Amino acid sequence: QVQLVESGGGLVQPGGSLRLSCVASGRIFGINDMGWYRQAPGKERELVARISSRGSTNYVDSVKGRFTISRDNAKNTVYLQMNGLKPEDTAVYYCNADVRNAYNVFNIFWGQGTQVTVSS
């Protein structure tokens, strides 16, 4: 099967920065889109940023100009550089990936999540 493991979360002061990483491993024959989502307490999970296999990106309006998504296809890894963090960015951040299997079928896989807390 396929596993996604996130890292890089933690506690940071407002205005600070964090870099999240997510590594996909297992029986992977290709990855299409990769993305970062977040879920704050009492709120629904929302898309933060996505990146295609060719590097096209899109962001939720609230993070544009502050967050940057990137990927290393050779390492099956997606990153989220978060600058200018605000208390409202506090959430559990999840990565996902659209992974192709040996039968050319794509399935979505999710990581377990990493906590990001922005507080003074």
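In case you missed it, the structure is sitting above this.
Residues numbered from 1 in each chain as written. Predicted model: local features only at pLDDT ≥ 70, side-chain atom pairs only at ≥ 80, totals over all residues. Heavy atoms only, no water.

> Would you mind going over the overall build of the protein chain with me for this structure?
Secondary structure summary: the protein chain contains zero helices and 11 strands in total. Helices (α) and strands (β) of the protein chain occur, in sequence order from the N terminus, as β-β-β-β-β-β-β-β-β-β-β. Computed over its C-alpha atoms, the radius of gyration of the protein chain comes to 14 Å, within 12% of the 14 Å expected for a compact globule of 120 residues. For the protein chain, the proportion of contacts with a sequence separation of at least 24, taken over those separated by at least 6, is 53%. (Helix = DSSP H or I, 4+ residues; strand = E, 2+ residues; numbered from the N terminus. Rg over C-alpha atoms; globule rule 2.2 N^0.38 Å. Contact = heavy atoms within 4.5 Å.)

> Sorry if this is basic, but what is going on with the sheet that holds strand β8 (residues 77-82) here?
What holds strands together in a sheet is hydrogen bonding between their backbones, with the strands either parallel or antiparallel. Reading across from one edge, β1-β3-β8-β7 is the order of the four strands in this open sheet, with antiparallel pairing throughout. At either margin of the open sheet sits one strand with a lone partner, and together these are β1 (2-7) and β7 (67-72). Neighbour to neighbour, the strand axes of the sheet diverge by 15° on average, direction disregarded. Here six bridges tie β1 to strand β3 (residues 18-26), and the two strands are oriented antiparallel to one another. Considered in β3, the bridge of Gln 3 is made with Ser 25. (Pairing = 2+ DSSP bridges. Axes fitted to C-alpha atoms, helices over the stretch in contact; angles between N-to-C directions.)

> What is the right way to read unusual backbone geometry from this model?
Leave glycine aside and you will find that most residues have negative phi; peptide bonds, for their part, are mostly trans. The phi angle at Asn 76 is positive, at roughly 50°, despite the residue not being glycine. Its location among the elements puts Asn 76 in the loop between β7 and β8. On the basis of relative accessibility, which here comes to 23%, the residue Asn 76 falls in the partly exposed class. The residue Asn 104 is not glycine, and still its phi comes out positive at about 60°. (Buried < 20%, exposed > 50% of the residue type's maximum accessible area, 1.4 Å probe, protein only.)

> Please explain the environment of Ser 62 as it appears in this structure.
When you line up the elements, Ser 62 lands in the loop between β6 (57-59) and β7. A residue is classified by how much of its surface remains accessible, and Ser 62, at 39% relative accessible area, is partly exposed. Between the C-alpha atom of Ser 62 and that of Glu 88, which follows or precedes it by 26 residues, the distance is 9.7 Å. Among the polar contacts listed, one links the side chain of Ser 62 to the side chain of Arg 38, at a separation of 3.4 Å. (Polar contact = N/O pair within 3.5 Å; in protein donor to acceptor, adjacent residues only side chain to side chain.)

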